[in-house]
Amino acid sequence: MKIFPAVDILDGRCVQLVQGKRESATSYGDPLACATRWLDEGADALHVVNLDGAFGNSGKNVDLITRLVRKTGVEIELGGGIRSVEDAARWLETGVSRVIISTLATQRPASIRELADRFGNARVMAGVDAKGGQIAVHGWQETAGDYLAWAKKFEGLGAGSLLYTNVDVEGLQQGVRFEPVKRLIDHVGIPVVVAGGVSARSDVAGLRNAGASGAVLGSALYSGKIKLKDALEESQ
């Protein structure tokens, strides 16, 4: 199982939010410095989110993220404010390994097929952000139907992988809720990366045993509640 340290970017800074709320942001400084730190500590992949994009300003941080992608040269999955096939294509052309499309995937599901046909399934990751068992969209402000049904639809349209985020526990550093994770992994046949609540070695071990292909480390990593070294060891 692969470990993805999160580099979430808001107003040009690396931050962590609690349950996606902008006013909860804690800043950790320069995004490239944060990325470099995790790579120096042994990570070989990153989970990058353009939070300004998620909040409606998709043009913000583009130069910064492009520099980060090119300077690190590692596997990067990127999400946040990708609202069109053209947006996704531009990011893929900068060299990100895959784009995460969430709201776009529910509003215009055919975009998954378009991107998969153009760039290959492996570079298209559909976001399954779940809130009370419903898929959450528009910065997690609205829900749009059963998360398992949407996940199956995304798979059928050609998504090469899924990013599952449990919005109910995201940022709280209180552990993973494994039941909905297991239900999703059993429901689809493509890799599932899990975010939300990963706060201890036991969370990493539980995700590995559940069959997750990856885990995103965010708030608990930045606060020091979980060490990257321990997560990497537990993921093997």
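What counts and how
- Numbers given for residues are sequential positions, taken from 1 along each chain in its written order.
- Under the rules for a predicted model, residues below a pLDDT of 70 receive no local features and side-chain atom pairs below 80 are neither given nor counted, while totals for whole chains, interfaces and linings still include all residues.
- The side-chain values count all of the structure's non-hydrogen atoms but skip hydrogen atoms and water molecules.
- In what follows, salt bridge is the name for a side-chain nitrogen of Lys or Arg lying within 4 Å of a carboxyl oxygen of Asp or Glu.
- Helix and strand assignments follow DSSP, with helices taken as H or I runs no shorter than four residues and strands as E runs no shorter than two, numbered in order from the N terminus.
- Note on classification: 1.4 Å probe, protein chains only; a residue is buried when its accessible area is under 20% of the maximum for its type, exposed when over 50%, partly exposed between these limits.
- Remark: nonpolar core denotes a set of buried residues (Ala, Val, Leu, Ile, Met, Phe, Trp, Tyr, Cys) joined through side-chain atoms within 4.5 Å.
- Contact criterion: two residues are considered in contact whenever any of their non-hydrogen atoms come within 4.5 Å of each other.

Undergrad: Please clarify how the pattern of salt bridges should be interpreted in this entry.
TA: When the charged atoms of two side chains lie near each other, side chains of opposite charge can form a pair. Within this structure, the stated rule accounts for 18 salt bridges. Residue arginine 98 is joined to glutamate 75 by a salt bridge in which the shortest nitrogen-to-oxygen separation is 2.6 Å. Taken as a pair, arginine 98 in strand S6 (residues 98-101) and glutamate 75 in strand S5 (residues 75-79) lie far apart in primary sequence, 23 residues in all. Accessibility expressed as a relative area gives 13% for arginine 98, which makes it buried. For glutamate 75, a relative accessible area of 21% gives the class partly exposed. Residue lysine 152 pairs with glutamate 155 through a salt bridge whose shortest N-O separation is 3.5 Å. One end of the pair is lysine 152 and the other is glutamate 155, both in helix H7 (residues 147-157) and three residues apart, which spans about a single turn. Through salt bridges with shared partners, one network takes in Arg201, Arg208, Lys229, Asp230, Glu233 and Glu234.

Undergrad: Quick question: what am I supposed to make of the nonpolar core here?
TA: Generally speaking, soluble globular proteins have nonpolar side chains that are buried together. Ranked by internal contacts, the top residues of the largest apolar core, which has 67 residues, are Val7, Val48, Ile101, Phe154, Leu162, Tyr164 and Leu184. The contact partners of leucine 184, leaving out residues within four places of it in the chain, are Tyr147, Leu148, Ala151, Leu162, Tyr164 and Val192. Counting residues in hydrophobic clusters, the runner-up holds nine residues, among them Phe4, Ala45, Ile100 and Val216.

It is worth stressing that arrangement in space is one thing and function is another; only the former is reported here.
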